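Chain by chain, the residues:
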Amino acid sequence: LQSTYSADLAEYYEGDAEYEVGTVLVFGGEKEVTTTTIMNDTRVAGVVSDNAAYSMNGGCPGLKNQVGLQGRCPVKVIGRVKKGDMLTTSATAGYAVKANDPKLGSIIGKALEDKDYGEAGVIEVAVGRM
């Protein structure tokens with residue numbers, strides 16, 4: 001099975017809101033997934049995706065969020081990042097940061113491109129890669 005335009009494996013999860021593409025989500029909140037303001041949160045679920053090659057759980061009830069679990073996804077990132085850096089949850093809800101002290105279970109994935117400015121932005125990430 002090969003996909004020309006889609007880039008990740010995703011699954012629908014019910015969220016406490018509908019989140020925009022690139023938002024980092026964790027398991028928790030009033031439904032299945034939500035955002036977090038905890039650095040290195042080990043509850044990390046994945047990143048909201050809109051370009052899945054394969055998507056599971058289409059019958060998900062409520063506010064559906066397609067969460068990229070593995071593969072290439074755009075991710076909201078704060079701070080400077082180098083290609084290959086591991087990313088984790090940040091103190092800003094829905095955003096990732098470079099993992100300076102990675103904790104088991106807190107890694108979102110690895111940056112596929114450099115980001116040389118400190119403000120918030122979106123970069124492509126290999127989600128699920130440790």
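Source: prediction; values computed, not measured. (Residues numbered from 1 in each chain as written. Predicted model: local features only at pLDDT ≥ 70, side-chain atom pairs only at ≥ 80, totals over all residues. Heavy atoms only, no water.)

Chemist: Let's hear about the overall build of the protein chain: which residues, and what values?
Modeler: The helix and strand tally for the protein chain stands at zero helices and 10 strands. Going from N to C terminus, the protein chain has its helices and strands arranged as β-β-β-β-β-β-β-β-β-β. Compactness check: the protein chain gives a C-alpha radius of gyration of 14 Å against a globular reference of 14 Å for 130 residues, within 12% of the reference. When the 130 residues of the protein chain are sorted by exposure, 42% land in the buried category. Residue pairs at least 24 apart in sequence account for 61% of intrachain contacts in the protein chain once pairs closer than 6 positions are excluded. A distance of 7 Å separates the average location of the 13 positive side-chain charges in the protein chain from that of its 17 negative side-chain charges. (Helix = DSSP H or I, 4+ residues; strand = E, 2+ residues; numbered from the N terminus. Rg over C-alpha atoms; globule rule 2.2 N^0.38 Å. Buried < 20%, exposed > 50% of the residue type's maximum accessible area, 1.4 Å probe, protein only. Contact = heavy atoms within 4.5 Å. Lys, Arg positive; Asp, Glu negative; His and termini not counted. Charge placed at Lys NZ, Arg CZ, Asp CG, Glu CD.)

Chemist: Mind laying out the pairing of strand β1 (residues 8–14), listing which residues take part and the relevant values?
Modeler: Relative to strand β5 (residues 52–56), β1 runs parallel, the two being bridged by four bridges. In the strand pairing of β5, E11 is matched with M56. Where β1 meets strand β6 (residues 64–77), seven bridges bridge the pair, whose relative direction is antiparallel. When the bridges of β6 are listed, E14 appears paired with K64. (Pairing = 2+ DSSP bridges.)

Chemist: Pulling in residues and values, what's your account of the nonpolar core?
Modeler: Ranked by size, the top nonpolar core spans 15 residues in total, and within it V24, V75, V77, L87, A96 and I123 carry the most contacts. Listed by contribution, the elements that provide at least two residues to this core are β2 (24–27), β4 (44–48), β6, β9 (107–111) and β10 (121–127). In this view, V77 contacts L87, Y95, A96, K115, E119, A120, G121 and I123; residues no more than four positions away in its chain are not counted. Membership of the second largest hydrophobic core comes to six residues, among which are Y13, L25, A45 and V48. (Core = buried A, V, L, I, M, F, W, Y, C linked by side-chain atoms within 4.5 Å.)

Chemist: How would you sum up the pattern of salt bridges? Please name residues and give values.
Modeler: Taken as a whole and judged by the stated rule, the model has six salt bridges. Across the pair K76 and E20 runs a salt bridge whose closest N-O atoms are separated by 2.7 Å. Within this pair, whereas K76 is found in strand β6, its partner E20 is found in the loop between β1 and β2, the two being separated by 56 residues in sequence. K98 is paired through a salt bridge with D85; the nearest N and O atoms lie 3.9 Å apart. A residue pair is termed long-range when its members are at least 10 positions apart, and K98 in strand β8 (residues 96–98) and D85 in the loop between β6 and β7 (86–89) qualify at 13 residues. The class for K98 is partly exposed, based on a relative accessible area of 35%. (Salt bridge = Lys/Arg side-chain N within 4 Å of Asp/Glu carboxyl O.)

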